[in-house]
Amino acid sequence: MNRYLLIFLIILAVLVVISVILYLLGKRAEKKRDEQQETINANAQTVSMLIIDKKKMRIKDAGLPDVVVSQAPWYSKMSKVPVVKAKVGPRIVTLIADIMIFDDIPLKREVKATVSGIYITDVKGIRNVKQEETKKKGLFAKLRARASKK
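Counting residues in hydrophobic clusters, the biggest one holds 16 residues, and the most contacted among them are Met 49, Ile 51, Val 84, Ala 97, Ile 105, Ile 120 and Val 123. Counting only elements with at least two residues in this core, the list comes to strand S1 (45-58), strand S2 (80-88), strand S3 (91-97), strand S4 (110-116) and strand S5 (119-124). Excluding residues that lie within four positions of it along the chain, Val 84 makes contacts with Ile 51, Asp 53, Lys 54, Val 93, Thr 94, Leu 95, Ala 97, Phe 102, Ile 105 and Ile 120. Of all hydrophobic cores here, the second largest spans nine residues; its members include Ile 59, Ala 62, Val 69 and Val 81.

Below you can see the structure in the form of structure tokens.
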């Protein structure tokens with residue numbers, strides 16, 4: 001029984017060390033995120049734009065400038081990001097949207113957006129209120145609809 005107690009204590013000590021390391025890394029990441037958010041808020045501008053298209057695609061396939069693609073970390077090059085093509089003034093530009101507002105951005109509409117660099121942080125002044133979302137029916141919903149018609 002003494003051996004089991006020793007194994008339990010070793011496992012407990014390892015878990016405590018891992019949790020302390022994760023806590024410290026989390027605090028460091030939170031400070032870094034707050035600094036980045038302050039920078040984004042300081043550089044924010046309100047711009048009127050016509051939304052042409054929006055998709056989730058990889059950074060290298062999105063048509064972003066080479067500087068953005070080269071500065072992106074290796075793990076984010078494989079993940080998909082929300083990309084918005086918009087007409088700002090006479091130019092058509094490719095922007096990256098915040099994941100929280102990506103669904104709220106209407107297609108083929110003029111909006112006022114808060115932009116920081118190539119990053120859309122907020123959408124205001126949507127002229128037509130959100131588009132009606134047409135949800136695809138699943139197999140069981142289609143079968144229930146057919147059964148209720150008969």
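Next comes the rest of the account.
This part is about the environment of Val 68. As for its position among the elements, Val 68 is in helix H2 (residues 66-71). Distance from Val 68 to Thr 114, taken between C-alpha atoms, is 20 Å for residues 46 residues apart in sequence.

Evaluation of the coordinates by the stated rule reveals two salt bridges. Its salt-bridge partner being Arg 33, residue Asp 34 comes within 3.6 Å of it at the nearest N-O pair. You can call Asp 34 partly exposed: its relative accessible area is 35%.

Next up on the list: the pairing of S5. Note that S3 and S5 share two bridges and pair parallel. Counterpart to Ala 97 in the pairing with S5 is Ile 120. Examined bridge by bridge, S4 and S5 share five bridges and lie antiparallel to one another. Bridged to Ser 116 within S5 is Tyr 119. Here S4 folds back onto S5 in antiparallel fashion, the turn holding two residues, of which Gly 117 has a positive phi close to 70 degrees.

Rules behind the numbers
Residues numbered from 1 in each chain as written. Predicted model: local features only at pLDDT ≥ 70, side-chain atom pairs only at ≥ 80, totals over all residues. Heavy atoms only, no water. Core = buried A, V, L, I, M, F, W, Y, C linked by side-chain atoms within 4.5 Å. Buried < 20%, exposed > 50% of the residue type's maximum accessible area, 1.4 Å probe, protein only. Helix = DSSP H or I, 4+ residues; strand = E, 2+ residues; numbered from the N terminus. Contact = heavy atoms within 4.5 Å. Salt bridge = Lys/Arg side-chain N within 4 Å of Asp/Glu carboxyl O. Pairing = 2+ DSSP bridges.

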